[in-house]
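Fold and geometry: a report
Here is what each chain is made of, one letter per residue.
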Amino acid sequence: MGLADLIKQGPPPKKNRCAVGTIIDSLDPDDADALNDAIEKLASGTAHFSAAWLHRVLLSEGHKIAENTFSKHVNQRCTCATQ
């Protein structure tokens, strides 16, 4: 591909991730899978725990995240969902 083609193509699209997505990306694969699974269960209404509880778990593990930001991710109203 030549220079003209690359310029015409433009830069790759940004992959904006919210704070929760960034946390997930930073976790080891097992923890990331567990968190993704828990979030999917919350979103589908099949979780045996609340979003508030899972948020507190993240805080207890040192992940600084606002409850509202976490809620937006669970409900797919964050930048992760708009990619």
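For the structure, see preceding data.
The rules behind each value
Residues numbered from 1 in each chain as written. Predicted model: local features only at pLDDT ≥ 70, side-chain atom pairs only at ≥ 80, totals over all residues. Heavy atoms only, no water. Helix = DSSP H or I, 4+ residues; strand = E, 2+ residues; numbered from the N terminus. Rg over C-alpha atoms; globule rule 2.2 N^0.38 Å. Buried < 20%, exposed > 50% of the residue type's maximum accessible area, 1.4 Å probe, protein only. Contact = heavy atoms within 4.5 Å. Areas by Shrake-Rupley, 256 points an atom, 1.4 Å probe, with all protein chains shown as cover. Lys, Arg positive; Asp, Glu negative; His and termini not counted. Charge placed at Lys NZ, Arg CZ, Asp CG, Glu CD. 1 Å grid on protein atoms, 1.4 Å probe; cavity = no way out; pocket = protein on both sides within 12 Å on 5 of 7 lines; lining within 4 Å. Points joined across faces, edges and corners; volume = space filled by probe spheres on them. Axes fitted to C-alpha atoms, helices over the stretch in contact; angles between N-to-C directions. Parallel < 35°, antiparallel > 145°, perpendicular 65-115°, else oblique. Left-handed = near helix turned anticlockwise from the far one by under 90°. Nonpolar A, V, L, I, M, F, W, Y, C, P; charged D, E, K, R; others polar. Salt bridge = Lys/Arg side-chain N within 4 Å of Asp/Glu carboxyl O.

**What to know about the overall build of the protein**
Secondary structure assignment for the protein yields 5 helices and 0 strands. The order of helices and strands in the protein, counted from the N terminus, is α-α-α-α-α. Taken against the 2.2 N^0.38 rule, which gives 12 Å for 83 residues, the C-alpha radius of gyration of the protein at 16 Å runs more than 25% over that of a compact globule. Within the protein, the fraction of its 83 residues that count as buried is 25%. Partitioning the contacts of the protein with sequence separation of at least 6, the portion at a separation of at least 24 is 48%. Surface accessibility of the protein: about 6000 Å² in total, with carbon and sulfur atoms responsible for 53%. Computing the positive centroid from 9 side-chain charges and the negative centroid from 10, the protein places the two 11 Å apart.

**Comments concerning the layout of surface pockets**
Unfilled space is identified by rolling a water-sized probe across the atoms. Put simply, the largest pocket is a space of about 250 Å³. Taken together, 13 residues make up the lining of the largest pocket; nearest its centre are Asp31, Leu35, Leu54, Val57 and Leu58. Within the residue set of the lining of the largest pocket, elements represented by two or more residues are α3 (29-44) and α4 (51-60). For the lining of the largest pocket, the leading source of residues is α3, giving 5 residues.

**Examining the packing of α3 against α4**
A pair of packed helices is characterised by two quantities: the angle between their axes and the separation of those axes. Put simply, α3 and α4 touch, their axes get as near as 11 Å, and they point 160° apart. Relative to α4, α3 is oriented roughly antiparallel. The handedness of the crossing between α3 and α4 comes out as left-handed. Together, Leu35, Ala38, Ile39 and Leu42 of α3 and Ala51, Leu54 and Leu58 of α4 make up the contact between the two elements. Among the residues making up the contact of α3 with α4, the classes are represented as 7 nonpolar, no polar and no charged.

**Observations concerning the pattern of salt bridges**
This structure, assessed with the given rule, holds 2 salt bridges. A salt bridge links lysine 41 to aspartate 37, with the nearest nitrogen and oxygen atoms 3.3 Å apart. Of this pair, lysine 41 and aspartate 37 are both found in helix α3, 4 residues apart, which corresponds to roughly one turn of the helix. Overall, lysine 41 belongs to the partly exposed group, its relative accessible area being 32%. Note on aspartate 37: relative accessible area 35%, which makes it partly exposed.

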